[in-house]
Amino acid sequence: MVTLAEVAQHAGVSASTVSYVLSGKRSISAGTRQRVERSIQELGYHPNAGARALASSRSNIIALMVPLRTDMYVPVMMEIAIAVATTARTHGYDVLLLTGEEGPDAVRRVTGSGLADAMILMDVELDDERLPLLRQTNQPSVLIGLPADTTGLTCVDLDFTATGALCAEHLAGLGHRDIAVIGEAPAVYERHTGFAERTLDGLRVRSQELGLRVLHRPCEGGYDVMAVTLARVFDERPRTTGFVVQNESAVEPLLALLRQQGRAVPEDVSVIAVCPDQVATQASVRLTSVAIPAQEMGRRAVEHLVAKLDGRGTDEVVLLAPELTVRASTGPVPSAG
């Protein structure tokens, strides 16, 4: 293992100069800094993490709070987490993953222990109980998600309100007038999780403007539960010809049940999904969908956080515009005959 003294000898400087270059605690001339950095790279020197933290008062660690709940689609959460980790690494940070449902206690643990220099929070609720504590701390943070009140916060998210509106516009443009939303599990709405609430709000408001009738039914996912949910939809709204699905585990059961009932997609019924492209393209019918830009959300969150750590960032809300891709699952409303 290469030592700091060996780096100093290679660069022709004192060990203290190398230490100052690493910690940034003293001004070092550009020429000397470049010589030291070149020696570090050529020798493959990696400072001891503990010593580096003591010297700089930084851990070079970002805490990522991502509660892994059974009612959430974990692959999307993990895709965002991987994007956070890979982007953080390019900026010289490692990621500490906190997956428990600890709420404010997790924030308190990170801020009080010096475990991490900054935090990224996921699975954000409209009235998230972690936020009052987050606003009280001086530790930089970014939310992947959008609470009801964004004052004093930096947030990155897909514009789910616009996503819901875009789904309504697409179905209305095809002539559909009765649509059903197959939503996330009931617990997601009971927690007032931001993305689910905002999608529904955006869809309802735009549907009202376009003269669409909307029926929303939360669904746990899975074949048996989807069968009951679909039966309720057609009992209550027999003329339903359009479905918006925001629940990855309900996609394939819905398509299978429609086939069993003799309802062809898209000739009799149109289906739009809000889901990752992989889910949409691998479904039994290639789904028209609004993609979840998981990688971009993770990357943007880290970039805003690093800017804050460097003293360049400001509080802002970044909403990524939704993109709807038309595939094989949506078509004109069937004729009344």
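Residues numbered from 1 in each chain as written. Predicted model: local features only at pLDDT ≥ 70, side-chain atom pairs only at ≥ 80, totals over all residues. Heavy atoms only, no water.

### Considerations on the pattern of salt bridges
Here is step 1: Using the criterion set out here, one finds 18 salt bridges in the structure.
Here is step 2: Residue Glu 169 pairs with Arg 206 through a salt bridge whose shortest N-O separation is 2.7 Å. Of the two residues, Glu 169 is situated in helix α8 (residues 160-173) and Arg 206 in helix α10 (residues 194-210); the sequence distance between them amounts to 37 residues.
Here is step 3: With relative accessibility at 34%, the residue Glu 169 sits in the partly exposed group. (Salt bridge = Lys/Arg side-chain N within 4 Å of Asp/Glu carboxyl O. Helix = DSSP H or I, 4+ residues; strand = E, 2+ residues; numbered from the N terminus. Buried < 20%, exposed > 50% of the residue type's maximum accessible area, 1.4 Å probe, protein only.)

### Quick word on the packing of aromatic side chains
Note on aromatic pairs: each is described by the distance of the centres and the angle between the planes.
Here is step 1: All chains considered together, the criterion is met by 2 aromatic pairs.
Here is step 2: On the basis of an interplanar angle of 50 degrees and a centroid distance of 5.7 Å, the ring pair of Phe 160 and Phe 195 is categorised as tilted. Linking Phe 160 in helix α8 with Phe 195 in helix α10, this pair joins segments that are 35 residues apart in sequence. An identical accessibility class is assigned to Phe 160 and Phe 195; each is buried.
Here is step 3: Ring geometry for Phe 234 and Phe 243: centres 5.9 Å apart, planes at 70 degrees, overall edge-to-face. For the pair formed by Phe 234 and Phe 243, the shared burial category is buried.
Here is step 4: Stacked on the ring of Phe 234, the Lys or Arg Arg 263 has its end atom at 3.6 Å from the ring centre. (Phe/Tyr/Trp six-rings, centres within 6.5 Å; stacked < 30°, edge-to-face > 60°. Lys NZ or Arg CZ within 6 Å of the ring centre and 35° of its normal.)

### Thoughts on unusual backbone geometry
In most cases, non-glycine residues show a negative phi, while peptide bonds are predominantly trans.
Here is step 1: Residue Pro 266 is reached from Val 265 by a cis peptide bond, and omega for that bond is 10 degrees.
Here is step 2: As for its placement among the helices and strands, Pro 266 is situated in the loop between α12 (248-260) and β9 (270-274).
Here is step 3: For Asp 123, which is not glycine, the phi dihedral falls at a positive 55 degrees.
Here is step 4: Tracing the backbone shows Asp 123 in the loop between β3 (118-121) and α7 (131-136).
Here is step 5: Backbone geometry places His 192, a non-glycine residue, at a positive phi of 55 degrees.
Here is step 6: Inspection of the secondary structure assignment puts His 192 in the loop between α9 (186-190) and α10.

### Structural notes on helix α3 (residues 30-43)
Here is step 1: An ideal rise of 1.5 Å per residue puts 20 Å on 14 residues; α3 measures up with 20 Å between its terminal C-alpha atoms.
Here is step 2: The set of residues buried in α3 consists of Thr 32, Val 36, Ser 39 and Ile 40. On an axial view of α3, the arc spanned by its buried residues comes to 100 degrees, and they lie on one face. Of the residues in α3, the exposed ones pointing more than 90 degrees away from the buried face are Ala 30, Gln 41 and Glu 42. (Expected span 1.5 Å × (residues − 1). Arc of directions from axis to C-beta.)

### Here's the deal with the sheet that holds strand β5 (residues 155-158)
Here is step 1: The 6 strands are arranged β2-β1-β3-β4-β5-β11 in an open sheet whose pairing can be described as parallel. The strands lining the two open edges of the sheet, one partner per strand, are β2 (94-98) and β11 (317-320). Adjacent strand axes in the sheet meet at a mean angle of 20 degrees when their direction is disregarded.
Here is step 2: Two strands pair when backbone bridges link them, and β3 and strand β4 (residues 141-144) are joined in this way by 3 bridges, in the parallel orientation. Directly across from Met 119, in β4, lies its bridge partner Ser 141. (Pairing = 2+ DSSP bridges. Axes fitted to C-alpha atoms, helices over the stretch in contact; angles between N-to-C directions.)

### What about the packing of helix α11 (residues 223-236) against α12?
Here is step 1: Relative to each other, α11 and α12 sit at 55 degrees, their axes nearing to 9 Å. Accordingly, the angle class assigned to the pair α11 and α12 is oblique. With respect to the hand of their crossing, α11 and α12 are arranged in right-handed fashion. Across from Tyr 223, Met 226, Ala 227, Leu 230 and Phe 234 in α11, the residues of α12 making contact are Ala 250, Pro 253, Leu 254, Ala 256, Leu 257, Leu 258 and Gln 260.
Here is step 2: A class-by-class count of the residues in the contact of α11 with α12 yields 11 nonpolar, 1 polar and no charged. (Parallel < 35°, antiparallel > 145°, perpendicular 65-115°, else oblique. Left-handed = near helix turned anticlockwise from the far one by under 90°. Contact = heavy atoms within 4.5 Å. Nonpolar A, V, L, I, M, F, W, Y, C, P; charged D, E, K, R; others polar.)

### Some points on the domain arrangement of the chain
Here is step 1: You can read the domains of the chain as domain 1 (4-47), domain 2 (61-158 + 294-320) and domain 3 (160-292).
Here is step 2: Each of domain 2 and domain 3 was reduced to a C-alpha centroid, and the two centroids are 29 Å apart.
Here is step 3: In this assembly, 16 residues from domain 2 lie in contact with 18 residues from domain 3.
Here is step 4: A combined buried area of about 1,500 Å² lies between domain 2 and domain 3, and 60% of that area is made up of carbon and sulfur atoms.
Here is step 5: At the surface where domain 2 touches domain 3, the tally comes to 2 salt bridges. (Domains from an automatic or database assignment. Buried area = accessible area lost by both parts, 1.4 Å probe.)

### A look at the pairing of β11
Here is step 1: Every second residue of β11 is oriented toward a common face, the buried set being Val 318 and Leu 320 and the non-buried set Val 317 and Leu 319.
Here is step 2: Judged from the 4 bridges that link them, β5 and β11 form a sheet pairing that is parallel. Among the inter-strand pairings, Val 156 is bridged to a residue of β11, identified as Val 318.

### What to know about the environment of Thr 87
Here is step 1: Turning to its location among the elements, Thr 87 is positioned in helix α5 (residues 74-90).
Here is step 2: When its relative accessible area of 10% is taken as the criterion, Thr 87 is described as buried.
Here is step 3: Taking the C-alpha atoms as reference points, Thr 87 and Gly 298, separated by 211 residues in sequence, lie 7.8 Å from one another.
Here is step 4: Those residues in contact with Thr 87, other than ones at most four positions away along the chain, are Arg 299, Val 302 and Glu 303.

### Quick word on the nonpolar core
Here is step 1: Counting 47 residues, the largest nonpolar core has Ile 80, Ile 120 and Ile 144 as its most contacted members.
Here is step 2: In terms of residues, this core owes the most to one element, helix α14 (residues 294-309), which gives 7 residues.
Here is step 3: Once residues lying within four places of it in the same chain are set aside, the contact partners of Ile 144 are Ile 80, Val 84, Ile 120, Leu 121, Met 122, Asp 123, Val 124, Val 156, Met 297, Gly 298 and Ala 301.
Here is step 4: If you look at the next biggest cluster of nonpolar residues, it comprises 26 residues, including Val 233, Phe 234, Leu 258 and Val 269. (Core = buried A, V, L, I, M, F, W, Y, C linked by side-chain atoms within 4.5 Å.)

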